[in-house]
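Each chain, letter by letter, is given below.
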Amino acid sequence: MSRRRALVSLVSRLAVASGWTRLRHLRRRKRGHYRVFILEYHDVSPDDHERESVVSRSRFATHIRHLQKHFPIVSLGTAVDALRYQQLERDLLVITFDDGLLGNADNAWPVLRDAGATATIFLTTGFLDGEPLWFDTARRALEALARVPNPPSEHRLAGVFDEWPPRSPVSDLVRKLKYHPAPVRRRATANLATLLEQFDAPRPPARPIPWPTVRALLEQGVEFGAHTVTHPILSILDGDEQRREIIESRDRIEAMIGHRPTLFAYPNGSAHDFDQTTVDSLRSSGFNAACSTIRGANGVEHDLYRLHRLGVGSDSTAVLDARLAGLFDEALRVWLRRFRGR
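Residues numbered from 1 in each chain as written. Predicted model: local features only at pLDDT ≥ 70, side-chain atom pairs only at ≥ 80, totals over all residues. Heavy atoms only, no water.

**What about the overall build of the chain?**
Scanning the chain from terminus to terminus reveals 15 helices and 10 strands. In summary, the chain has a C-alpha radius of gyration of 20 Å against a globular reference of 20 Å for 342 residues, a match within 12%. Oriented by its inertia axes, the alpha-carbon framework of the chain measures out at about 60 × 45 × 40 Å. Within the chain, contacts between residues at least 6 apart in sequence are counted, and of these 72% link residues at least 24 apart. Each charge class in the chain was averaged separately, 49 positive and 41 negative side chains, and the resulting centres sit 7 Å apart. (Helix = DSSP H or I, 4+ residues; strand = E, 2+ residues; numbered from the N terminus. Rg over C-alpha atoms; globule rule 2.2 N^0.38 Å. Contact = heavy atoms within 4.5 Å. Lys, Arg positive; Asp, Glu negative; His and termini not counted. Charge placed at Lys NZ, Arg CZ, Asp CG, Glu CD.)

**Side note on helix α5 (residues 102–115)**
Because the α-helix completes a turn every 3.6 residues, residues three or four places apart line up on one side. Compared with an ideal rise of 1.5 Å per residue, which puts 14 residues at 20 Å, α5 spans 20 Å between its outermost C-alpha atoms and is within 8% of the ideal. A108 marks the point of greatest bend in α5, at about 45 degrees, and the proline P110 comes within the next four residues. Counting buried positions over the 14 residues of α5 gives 10, a clear majority of the element. On its buried side, α5 packs onto β2 (43–45), α3 (57–68), β5 (92–99), β6 (120–123) and α11 (211–219). (Expected span 1.5 Å × (residues − 1). Bend = angle between axes of the 7 residues up to and from the residue. Buried < 20%, exposed > 50% of the residue type's maximum accessible area, 1.4 Å probe, protein only.)

**Things to note about the pairing of strand β1 (residues 36–41)**
With 6 of 6 residues buried, β1 lies mostly within the body of the structure. Here β1 shows a buried face lined by V36, I38 and E40 and a second buried face lined by F37, L39 and Y41. Inspection of the sheet shows β1 paired to β5 by 6 bridges, in the parallel sense. Residue pairing across strands places F37 opposite L93, the latter belonging to β5. Note that β1 and strand β10 (residues 310–311) share 2 bridges and pair parallel. By the bridge assignment for β10, L39 is matched with L310. (Pairing = 2+ DSSP bridges.)

**A few points about the pattern of salt bridges**
For the structure on display, the rule yields 18 salt bridges. Put simply, D91 and R28 hold a salt bridge, and the shortest N to O gap is 2.8 Å. Residue D91 is located in the loop between α4 (76–84) and β5, and its partner R28 is located in helix α2 (residues 20–30); the two are separated by 63 residues in the primary sequence. A single burial state applies to D91 and to R28, both of which are buried. In this structure, D91 and R29 form a salt bridge, with 2.6 Å as the shortest nitrogen-oxygen distance. Remark: R29 occurs in helix α2 and D91 occurs in the loop between α4 and β5; sequence separation between them is 62 residues. (Salt bridge = Lys/Arg side-chain N within 4 Å of Asp/Glu carboxyl O.)

On their own, these measurements won't tell you what the molecule is for.
What follows is the structure, given as structure tokens:
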């Protein structure tokens, strides 16, 4: 466990044991300040092998059992209606998944179905149509290269990562690649994919939910939203490119499942990853709401196109409780970044 995760775990356990998390909810509810909490997951694995953005099925089941003790779990569409019409008369909790990974269907949905709960899955349509997730390819290649004593020379990538072989953590390298212009990112990913063919990757590539399974899940009560075609950072695209990513993903989902999505999740989703052009494009394209990854809860006063979410991975229930109580909301993260910069 990293030092940061150990600290988060310790602070969370203290917050729960002291009663602080429970008191926060009680005081807020007593004032009638009800909230919609939207949890952001990515993938659920069938075993106990967990990594960044991947939670095991057993831990996910523990999360759902714990959450149902405190909140009704509803679809995002139901929660958005409650916010829009100011009919939020109790706290609501929403489970969301980004990208459309196969583990959502194979491992997460059986847990949710057995618990009588539901979820909203945001689909990256190019991924479901057979195109690998570019950041998964990049991450797998960089992980493989990190295990090679003497990586081959690759001058085409030296300018992208400032140095070759790269020495920074893989997560930092992928984050850097995200913000390069789309043509640069595509070329770099293609070069990394070529390098990946030379080595044994530490894990297999991400697999999407097949479209027939999406249709079956829709009939069983799962809700689907759009997450673009190629998963770019929208704010670095021009207006036409943003609209193309939004509209083509919307239309592809409608063509494949017979239902036009009205909910959207911004790729990456920080406050810098979308802009007013993005929001305007969503409105004009018939979307009713959009999720960011800005940490926090949502009240009736909240902008429906800038909904906050709480990112969840292989967290303990104590960390989950602390997140829901607001202990790690965006305001604290901003303060910590400023503190570190002093």
